[in-house]
Amino acid sequence: MWYLCVFYHRLLEYRKAEFESLAGLFGVETSLEWSLPKEHHPDSPFHFVNLPSEDVAEQIANRSILVRGIYELWGEGQDFKELEEAIKNYPDDRKLPYLAPESTFRITIDSFGKVISSQEKRDRLQMLAFIPFKGRVNLKNPDHKFNLMDNDYYGSSNGLPAIAKRRIFFGREIGVADRKILQTYELKSRKYLGPTAMDAEMAFLMANQAQVKPGKLVFDPFVGTGSILIAAAHFGAMTMGADIDIRVVRDGRGPECNVWSNFKQYGLPAPISLLRADNNLPPWRPGLREVFDAIICDPPYGVRAGGRKSGGRKLLKGIIGPYTVPDDKRTDHIPSTASYSLVECVHDLLDTAARMLVMGGRLVYFYPVLREDDYTNPTFPEHPCFKFVTSCEQILSYRYSRVLLTMVKIAPYSEEIELAAKIKHLDFKENHLKWLEDGNLHSAVFRPADANIHGDDKSSSKPKYRGKYV
Ligand SMILES: C[S@@+](CC[C@H](N)C(=O)[O-])C[C@H]1O[C@@H](n2cnc3c(N)ncnc32)[C@H](O)[C@@H]1O
């Protein structure tokens, strides 16, 4: 059956991707059919989607972060006359159970892109007087919720996509996102934070892309302050993290301000373990095999914080032999590290994920993209064990974006695959070396503005419609 899905107007590329991942999580095996209301822009909050049941629609809406609501559409039109006709034509057997005398109901009036006055709301409510509601109104806790929504932003320049015609929708609410969790987990009230802590909204979206659910084992190999695992634990997963920085995984800022205390703060089960491990030389290579259901991470890609790998510079250049920590320095020794380019980091991440994810397990990670050259058609790292699921861009500045990549494991790891992956990686490295190599991305992102390239007056050329910037 077709449902009306209304999205929040933010993180536009993440909206359908999240919806589809959740559909998969709740058992929908085929790809979803989508369509747009008449004359609506693909970035519109309103979409139609075909789902196998109301139960699935409710589960998706309630679990999502970007779905404002899913509705059984009773009617739509370009004005109230057309809307009334459509609602009257909607089959009685679908409407009457929700209009019964013993039930309670509420109608919410929403206008997208415009604030409407209470008087205007009352006027619009009057337009629905023809619907034979027999039950009582209950604003707080009704049995049935209805929504009258329209897009009042047509032709305007308020940051929403311009469309030619207004459309009014009336439907029965099936489910809405629980965005209250974003307040509960917002970073500003978290005890232990680092400079690159993942914001709560994005951490939950990443967990949804990874199809996290109770009983699953989720690993973050760049755990930092644990923000991504916190979202996974909220959805019931068992978690494990690793970081090269022993001060992060062991100490934090003291006994009551560390990764462990972050989990305690929200009453979440603590991670199974937090390891001091280097993504470049993880202790599980080659021993451990397929144990994780999902690997979710934000690798250090060198814009705000760069990656490090084990071994001092001298050691890496082969100048001295393996380094042994003297006995008297063992308790608080911090191993020296050298810089770790993004291209190596991504190769190692894909290798770890290919070895350690179960079949069907998901790898979800951020990857940076420089918004120049072949920006419109960026290529992403590949691996023979993985099928690409989706990429979702978030523009961070006019220079660069981060793209959330979702991949699913479709082939078991083997020696042949390891070799094939190395060849693929070398090929990728050759074509992307320019900015994936150490330091290049950082200098490209932070180089002084060039007026000739980007236009002399950025403010006047700024488009009114902000598209993917939201
Ligand atoms: C972008 S931060 C991740 C932040 C984390 N998502 C959070 O919410 O706090 C990247 C982390 O990777 C760690 N790191 C850098 N190089 C590493 C390596 N070779 N192996 C494992 N961790 C590494 C850094 O210490 C840092 O904590």
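Scroll up to find the structure this text is about.
A quick note: this is a predicted structure, and the numbers were derived from the prediction, not measured.

Rules behind the numbers
- Residues numbered from 1 in each chain as written.
- Predicted model: local features only at pLDDT ≥ 70, side-chain atom pairs only at ≥ 80, totals over all residues.
- Near = placed C-beta within 6 Å.
- Helix = DSSP H or I, 4+ residues; strand = E, 2+ residues; numbered from the N terminus.
- Nonpolar A, V, L, I, M, F, W, Y, C, P; charged D, E, K, R; others polar.
- Buried ≥ 20, exposed ≤ 12 C-beta atoms within 10 Å, placed from the backbone.
- Contact = placed C-beta atoms within 7 Å.
- Axes fitted to C-alpha atoms, helices over the stretch in contact; angles between N-to-C directions.
- Parallel < 35°, antiparallel > 145°, perpendicular 65-115°, else oblique.
- Core = buried A, V, L, I, M, F, W, Y, C linked by C-beta atoms within 7 Å.
- Domains from an automatic or database assignment.
- Pairing = 2+ DSSP bridges.
- Expected span 1.5 Å × (residues − 1).
- Left-handed = near helix turned anticlockwise from the far one by under 90°.

A. Focus on the site of the ligand. Residues in contact with the ligand amount to 25 residues; listed here are only the nearest, F222, G224, T225, S227 and N279. Elements represented by at least two residues in the shell around the ligand include exactly helix 8 (227-234), strand 10 (238-243) and strand 13 (307-310). The leading source of residues in the shell around the ligand is strand 13, at three residues. Split by residue class, the shell around the ligand holds 11 nonpolar, eight polar and six charged.

B. Molecular detail of helix 8. Counting buried positions along helix 8 yields seven of eight residues, so the element is predominantly enclosed. For helix 8, the elements touching its buried residues are helix 7 (200-209), strand 9 (217-220), strand 10, helix 10 (259-265) and strand 12 (292-297). Downstream of helix 8 by one or two residues, G236 has phi in the positive range, about 95 degrees.

C. Quick look at the packing of helix 1 (residues 12-25) against helix 7. It is the contact of helix 1 with helix 7, at a shortest axis distance of 8 Å, that shows an interaxial angle of 45 degrees. Regarding the angle of helix 1 to helix 7, the classification is oblique. Here Y14, A17, E18, S21 and L22 of helix 1 lie close against helix 7, whose contacting residues are L205, N208 and Q209. Taken together, the residues that form the contact of helix 1 with helix 7 break down as four nonpolar, three polar and one charged.

D. The nonpolar core, seen in detail. Formed by 99 residues in total, the largest nonpolar core has its most connected members in A203, M206, V218, A232 and I296. The greatest single-element share of this core, amounting to nine residues, is contributed by helix 12 (residues 342-356). Residues lining this core come from more than one domain, with at least three contributed by each of domain 1 (2-178) and domain 2 (182-308 + 336-446). Non-local contacts of A203, meaning those with residues more than four positions away in its chain, are made with M198, S227, I228, I230 and A231.

E. How the structure looks around the sheet that holds strand 8 (residues 168-175). If you trace the eight strands from one edge of the open sheet to the other, you get 2-3-1-4-8-7-5-6, paired in mixed fashion. The open sheet is flanked by strand 2 (33-35) and strand 6 (136-137), the only strands paired with a single partner.

F. Here's a closer look at the pairing of strand 17 (residues 400-409). Among the 10 residues that make up strand 17, eight are buried, leaving the element largely enclosed by the rest of the structure. Relative to strand 17, strand 16 (residues 386-395) runs antiparallel, the two being bridged by nine bridges. Its bridge partner lying in strand 17, K387 is registered against V408. Two successive antiparallel strands, strand 16 and strand 17, enclose a turn made up of four residues.

G. Expanded view of helix 12. In this model helix 12 runs 21 Å from its N-terminal to its C-terminal C-alpha over 15 residues, within 8% of the 21 Å that 1.5 Å per residue would give. Here helix 12 lies mainly inside the structure; 14 of its 15 residues are buried.

H. Expanded view of the packing of helix 7 against helix 8. Where helix 7 contacts helix 8, the two axes come as close as 8 Å, and the packing angle between them is 60 degrees. Regarding the angle of helix 7 to helix 8, the classification is oblique. Relative to helix 8, helix 7 is oriented so that their crossing is right-handed. Only S227, I228, I230, A231 and A232 of helix 8 make contact with helix 7, whose side of the interface consists of A203, F204, M206 and A207. Residues belonging to the contact of helix 7 with helix 8 are distributed by class as follows: eight nonpolar, one polar and no charged.

I. How the structure looks around the sheet that holds strand 12. Spatial ordering of the open sheet is given by 11-10-9-12-15-17-16, a layout of seven strands whose pairing is mixed. At either end of the open sheet lies a strand with only one pairing partner, and these are strand 11 (273-276) and strand 16. Across the sheet, the mean angle separating the axes of adjacent strands is 15 degrees when strand polarity is ignored. Inspection of the sheet shows strand 15 (residues 357-370) paired to strand 17 by nine bridges, in the antiparallel sense. Counterpart to Y365 in the pairing with strand 17 is L405. Helix 12 rests against strand 12, strand 15, strand 16 and strand 17 of the sheet, and its axis sits at about 165 degrees to strand 15.

J. Summary view of unusual backbone geometry. At E39, a position not held by glycine, the phi torsion is positive, near 60 degrees. Here E39 shows up in the loop between strand 2 and strand 3 (46-50). Here the phi dihedral of Q211 falls at roughly 55 degrees; this positive angle occurs in a residue that is not glycine. With respect to the helices and strands, the residue Q211 is situated in the loop between helix 7 and strand 9.

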